[in-house]
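# Tertiary structure, described
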Amino acid sequence: MKRVVVVAGALLLSMGVVVAQQDVVKSTQTQMKATGKALGGTLAPMMKGEKPYDQAAVNEALKTLEDTAKKLPMMFPASIKAVKFEGDFNTSPKIWDDAAGFKAKTDEFAKVVSDAKATIKDLDSLKANFPAIGKACGGCHETYRVKNS
């Protein structure tokens, strides 16, 4: 009987770990989708003249990017290293193998977003700052994200 309780306890514990991993993955995916919407759905169309400039929408998009920048260092704990993300992309092992490089990229993104938040007040300043935001965001993707096959 004691052995059954120990085995059942171990199974419940491992199920809890899997559920926690999936929660982290879902939270990360939700945040990244919000980031993509802020960049590709709000800021880029304004910069290209496809949408009228709207400071309130810009502020909201920059708030989302700032939120992502703050969360990035904690969004990829080692516990999810072997977890396969649903969707088109997955994390690259380089996130953990090159932790210093990943930190440098997340720090760069946070600085660019902070600078943009302090600077963007009109369409011209959006046009001046947007390329740096896109470069900082995309630079991380090039190295630390892989396409699911």
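Keep in mind the model is a prediction, meaning the values are calculated, not measured.

Time to look at the confidence of the model for the protein. In the predicted model, the protein carries a mean pLDDT of 86, and 86% of its residues have values of at least 70. Mean pLDDT across the elements of the protein bottoms out in helix 1 (residues 2-47) (73) and peaks in helix 2 (residues 55-71) (97). Confidence over residues 11-19 falls short of pLDDT 50; this stretch has zero contacts with residues more than four positions distant or in other chains.

This part takes up the packing of aromatic side chains. Across all of its chains, the model carries two aromatic pairs by this definition. Each ring, one from Phe 76 and one from Phe 102, has its centre 5.6 Å from the other, and the planes form 90 degrees; the classification is edge-to-face. Here the residue Phe 76 occupies a position in the loop between helix 2 and strand 1 (89-91), and Phe 102 occupies one in helix 4 (residues 99-119), the gap between them amounting to 26 residues. For Phe 102, a relative accessible area of 8% puts it in the buried group.

Core analysis: the biggest nonpolar cluster contains 32 residues, and Leu 43, Leu 62, Leu 65, Phe 76, Phe 109 and Ile 133 have the highest contact counts within it. Broken down by secondary-structure element, the contributors of at least two residues to this core are helix 1, helix 2, helix 3 (94-97), helix 4 and helix 5 (123-144). Of all the elements, helix 5 adds the most residues to this core, at seven residues. In this structure, Leu 62 is in contact with Leu 43, Val 113, Ala 116, Lys 117, Ile 120 and Ile 133, ignoring residues within four places of it in sequence.

Here is what the cut-offs are and how they apply
- Residues numbered from 1 in each chain as written.
- Predicted model: local features only at pLDDT ≥ 70, side-chain atom pairs only at ≥ 80, totals over all residues.
- Heavy atoms only, no water.
- pLDDT = per-residue confidence, 0-100.
- Helix = DSSP H or I, 4+ residues; strand = E, 2+ residues; numbered from the N terminus.
- Contact = heavy atoms within 4.5 Å.
- Phe/Tyr/Trp six-rings, centres within 6.5 Å; stacked < 30°, edge-to-face > 60°.
- Buried < 20%, exposed > 50% of the residue type's maximum accessible area, 1.4 Å probe, protein only.
- Core = buried A, V, L, I, M, F, W, Y, C linked by side-chain atoms within 4.5 Å.

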